[in-house]
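Observations on the model geometry
In case you want the letters, here they are:
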Amino acid sequence: MTDLNFDLLIEAEDLVPFLAHPQLRIVDLSRRSVHEQLHIPGAVHLAPKLLVRQEEYASGLLPETTQLQQLIEFLQISPEHHVVAYDDEGGAWAGRLIWNLHCLGFENTSLINGGIHAWLAAELPTSSQATTLEPVANLLPVETNLQYQVHYDELLELVQNNQTQIWDCRTEDEYTGLRLAARRGGHIPGALHFEWSTALNRQNHLKLHPLERTQQRLEHLGFNLNEPVVVYCQSHHRSGLAYILGRLLGWNIRAYDGAWSEWGNRLDSPIITGELPS
């Protein structure tokens, strides 16, 4: 086990004393142009496209074993490492990386609250030097653990039997069907709407609002945090942060990585339009 006892959510300042720690792997999912200009010292840049697999309908699926193996080899992660992820958008892509790793049973993971924006606001050191990773001897084995993922067929059955809560974290226009991002617009029957970015404080460097506030807002909408929930967006990018929020709130949360790109592009899936869940 790693001796880096970080929580799932850490503040930028928490990381500074450990920047040279041999078991720390800092992963930057910001735009490449941002990374090349400045990044946290020692951070390696990861293109978000390496986190997803595309099929006929769905654009954000969990990659197959071979692609996951390439991800682990690129990041040079061993079971003893601790991965700290950040981005320049409030945590969605960073959260998606963490979800991918959780699907491999690897939970030594942390998200930097506010990402690079919070890092810069705290006037912490940055670098523009490319990071070269030393090879590690015992790479993390690629063995998928699907407790955080739900597939279309299972979700359809849950929806038809009214057996799960569903969190749609897209924009309101996507939820109602006003904005089309697939063949069909609307939302999954029974899904409640809480946009992912609502949890971010744009006046505080894209850090999360206090979790108590987010929990109260979710409960006000009708969510029960003592019951399981499935979260989705368009391609399990924005729901990367929603997944992290769920974990921080102690929620039994899974992500539908087929997301609306699959559900809305299929012609046989049940769909609701308008402001009401069903």
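Only a predicted model underlies this, so the values are computations on that prediction, with no experimental measurement involved. (Residues numbered from 1 in each chain as written. Predicted model: local features only at pLDDT ≥ 70, side-chain atom pairs only at ≥ 80, totals over all residues. Heavy atoms only, no water.)

**Some words on the sheet that holds strand β1 (residues 9-10)**
To keep things clear, this is the line we draw: Any two strands with at least two DSSP-identified bridges between them are counted as paired. Where helices and strands are cited, they refer to DSSP runs of H or I of at least four residues and of E of at least two residues respectively, numbered from the N terminus. In what follows, a contact means two residues having at least one pair of non-hydrogen atoms within 4.5 Å. Convention adopted: a line fitted to C-alpha atoms gives each axis, helices being fitted over their contacting stretch, and angles between N-to-C directions are expressed from 0 to 180 degrees.
Here 5 strands make up an open sheet; going across it, the order is β1-β5-β4-β2-β3 and the pairing parallel. Each edge of the open sheet is held by one strand with a lone partner, namely β1 and β3 (44-45). With 3 bridges connecting them, strand β4 (residues 82-86) and strand β5 (residues 109-112) associate as parallel partners. Across the sheet, the residue bridging to Val 83 is Thr 109, located in β5. Across the sheet, helix α4 (residues 92-102) touches β2 (24-28), β4 and β5, and the angle it forms with β5 is around 175°.

**So, helix α6 (residues 152-160)**
Worth spelling out the cut-off: Buried, partly exposed and exposed residues are distinguished by accessible area as a fraction of the type maximum, computed with a 1.4 Å probe on protein chains only: under 20%, between the cut-offs, and over 50%, respectively. What the arc measures is the spread of directions leading from the helix axis to the C-beta atoms.
Among the residues of α6, Tyr 152, Leu 155, Leu 156, Leu 158 and Val 159 are the ones counted as buried. Looking down the long axis of α6, one finds its buried residues gathered within 165° of arc, a one-sided arrangement. Exposed residues pointing more than 90 degrees away from the buried face of α6 are listed as Asp 153 and Gln 160. Looking at the packing, one finds that the buried side of α6 touches β6 (165-168), β10 (229-232), β11 (253-255) and α10 (259-263). Immediately downstream of α6, the backbone of Asn 162 shows phi near 55°, a positive value.

**Details of the packing of helix α3 (residues 65-75) against α4**
A pair of packed helices can be characterised by two numbers: the angle between their axes and the separation between those axes. Worth spelling out the cut-off: Note that the term roughly parallel is reserved for angles under 35 degrees, roughly antiparallel for angles over 145, roughly perpendicular for angles of 65 to 115, and oblique for everything else. Crossings are classed by handedness, with left-handed meaning an anticlockwise turn of the near helix from the far one by less than a right angle and right-handed meaning a clockwise turn.
It is the contact of α3 with α4, at a shortest axis distance of 12 Å, that shows an interaxial angle of 115°. As far as their axial angle goes, α4 and α3 are roughly perpendicular. The two elements α3 and α4 meet at a crossing, and its hand is left-handed. Every residue of α4 that contacts α3 at Leu 68, Leu 71, Ile 72 and Leu 75 is listed here: Leu 97, Asn 100 and Leu 101.

**Describing the environment of Ser 78**
Cut-off, in case you're wondering: Two N or O atoms count as a polar contact when they lie within 3.5 Å, although within protein this holds only if one can serve as hydrogen donor and the other as acceptor, and sequence-adjacent residues are included solely when both atoms are side-chain atoms.
Relative to the elements of secondary structure, Ser 78 occurs in the loop between α3 and β4. Judged by its relative accessible area of 3%, Ser 78 falls in the buried class. Ser 78 sits 78 residues away from Leu 156 along the chain, and the two C-alpha atoms are 36 Å apart. A polar atom in the side chain of Ser 78 sits 2.8 Å from the side chain of His 81.

**Notes on the nonpolar core**
Using the following cut-off: What we call a nonpolar core is a set of buried Ala, Val, Leu, Ile, Met, Phe, Trp, Tyr and Cys residues that are connected through their side-chain atoms within 4.5 Å.
Of all hydrophobic cores here, the largest spans 54 residues; its most connected members are Leu 29, Leu 97 and Trp 167. When residues of this core are assigned to their parent elements, the largest contribution, 7 residues, is made by α4. Ignoring anything within four residues of it in the chain, the contact list for Leu 97 reads Val 27, Leu 29, Leu 46, Leu 51, Leu 71, Leu 75, Val 83 and Ala 85. By size, the runner-up hydrophobic cluster in this structure holds 16 residues, among which are Phe 6, Ile 10, Leu 38 and Ala 43.

**Quick notes on the sheet that holds β6**
The 4 strands lie next to each other as β7-β6-β10-β11, forming an open sheet whose pairing is parallel. Edge positions in the sheet fall to β7 (192-193) and β11, since each has one partner strand and no second. Pairing between β6 and β10: 4 bridges, direction parallel. Note that in β10 the partner of Asp 168 across the bridge is Tyr 232.

**Some thoughts on the pairing of β6**
Where burial is concerned, the two faces of β6 agree: the one with Gln 165 and Trp 167 and the one with Ile 166 and Asp 168 are both buried. Across 2 bridges, β6 lies against β7 in parallel orientation. Among the inter-strand pairings, Asp 168 is bridged to a residue of β7, identified as His 193.

**Considerations on the pattern of salt bridges**
The following threshold applies: Salt bridges are defined by distance alone: a side-chain nitrogen of Lys or Arg within 4 Å of a carboxyl oxygen of Asp or Glu.
In the structure shown here, the tally under the stated rule is 10 salt bridges. Arg 254 serves as the salt-bridge partner of Glu 154, at 2.9 Å between the closest nitrogen and oxygen. Note that Glu 154 is positioned in helix α6 and Arg 254 in strand β11, a separation of 100 residues in sequence. Using a relative accessible area of 34% as the deciding quantity, one classes Glu 154 as partly exposed. The partner of Asp 168 in a salt bridge is Arg 170, with the nearest N and O atoms 2.7 Å apart. One continuous salt-bridge network, built from bridges that share partners, spans Arg 53, Glu 55 and Glu 64.

Read these as layout, nothing more, since geometry by itself doesn't imply function.
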